[in-house]
Amino acid sequence: MRLMEQPLAAADDAARDGYTGALPLCADESFSDHSSFAALHSRSHVINIQLDKTGGLTEALRCAATAQARGLARQRFALTDP
């Protein structure tokens with residue numbers, strides 16, 4: 001296992017504050033578009049960028065650039081939720 005994807009419901013994101021486990025945490029349900037960065041804080045190490053959630057390729061690329069600038073990994077670019 002290389003990461004944990006959204007181990008808690010998006011409404012419970014604050015419960016991840018202070019996580020010090022060995023596996024990186026991936027924001028999935030709690031990441032939808034560029035506005036989601038404000039709530040990520042240090043709760044996630046990876047984001048899951050999906051074109052259907054971001055609204056299209058332009059916003060997805062913008063999110064990917066911001067994630068890279070902040071040192072966050074990107075799990076994938078998906079057209080829709082698998």
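Up top you'll find the structure we're talking about.
As the structure is a computational prediction, the values presented were derived from the model and not from experiment.

Enquirer: Summarise the overall build of the protein; cite the residues concerned and give the values.
Expert: Within the protein, the secondary structure is distributed over three helices and four strands. A globule of 82 residues ought to have a C-alpha radius of gyration of about 12 Å, and the protein, at 12 Å, matches this closely. Over its C-alpha atoms, taken along the principal directions, the protein stretches across nearly 35 × 25 × 25 Å. The buried share of the protein, taken over its 82 residues, is 37%. Within the protein, counting contacts between residues at least 6 apart in sequence, those at least 24 apart form 42% of the total. Put simply, the protein shows about 4800 Å² of open surface, and 54% of that area lies on carbon and sulfur atoms. Treating the 8 positive side-chain charges of the protein as one cloud and the 10 negative ones as another, the clouds have centres 7 Å apart.

Enquirer: Go over the nonpolar core, please, and point to the residues and values.
Expert: Membership of the largest hydrophobic core is limited to twelve residues, which are Ala27, Phe31, Phe37, Leu40, Ile47, Ile49, Leu51, Ala60, Cys63, Ala64, Ala67 and Leu72. Counting only elements with at least two residues in this core, the list comes to helix H1 (37-40), strand E3 (46-50) and helix H3 (57-69). Among the elements that line this core, the one with the most residues is H3, at four residues. Apart from residues lying up to four places away in sequence, Leu72 is in contact with Phe37, Leu40, Ser44, His45, Val46, Ile47 and Ala67.

Enquirer: Can you lay out the pattern of salt bridges for me, pointing to particular residues and giving the numbers?
Expert: Summed over the entire model, instances satisfying the criterion amount to three salt bridges. Put simply, Arg43 and Asp17 hold a salt bridge, and the shortest N to O gap is 2.5 Å. Note that Arg43 is positioned in the loop between H1 and E3 and Asp17 in the loop between strand E1 (4-5) and strand E2 (25-27), a separation of 26 residues in sequence. Owing to a relative accessible area of 14%, Arg43 belongs among the buried residues under this scheme. Judged by relative accessible area, Asp17 falls into the partly exposed class, the value being 45%. Of the charged contacts in the structure, one is a salt bridge between Arg62 and Glu59, with a shortest N-O distance of 3.3 Å.

Definitions and limits used
Residues numbered from 1 in each chain as written. Predicted model: local features only at pLDDT ≥ 70, side-chain atom pairs only at ≥ 80, totals over all residues. Heavy atoms only, no water. Helix = DSSP H or I, 4+ residues; strand = E, 2+ residues; numbered from the N terminus. Rg over C-alpha atoms; globule rule 2.2 N^0.38 Å. Buried < 20%, exposed > 50% of the residue type's maximum accessible area, 1.4 Å probe, protein only. Contact = heavy atoms within 4.5 Å. Areas by Shrake-Rupley, 256 points an atom, 1.4 Å probe, with all protein chains shown as cover. Lys, Arg positive; Asp, Glu negative; His and termini not counted. Charge placed at Lys NZ, Arg CZ, Asp CG, Glu CD. Core = buried A, V, L, I, M, F, W, Y, C linked by side-chain atoms within 4.5 Å. Salt bridge = Lys/Arg side-chain N within 4 Å of Asp/Glu carboxyl O.

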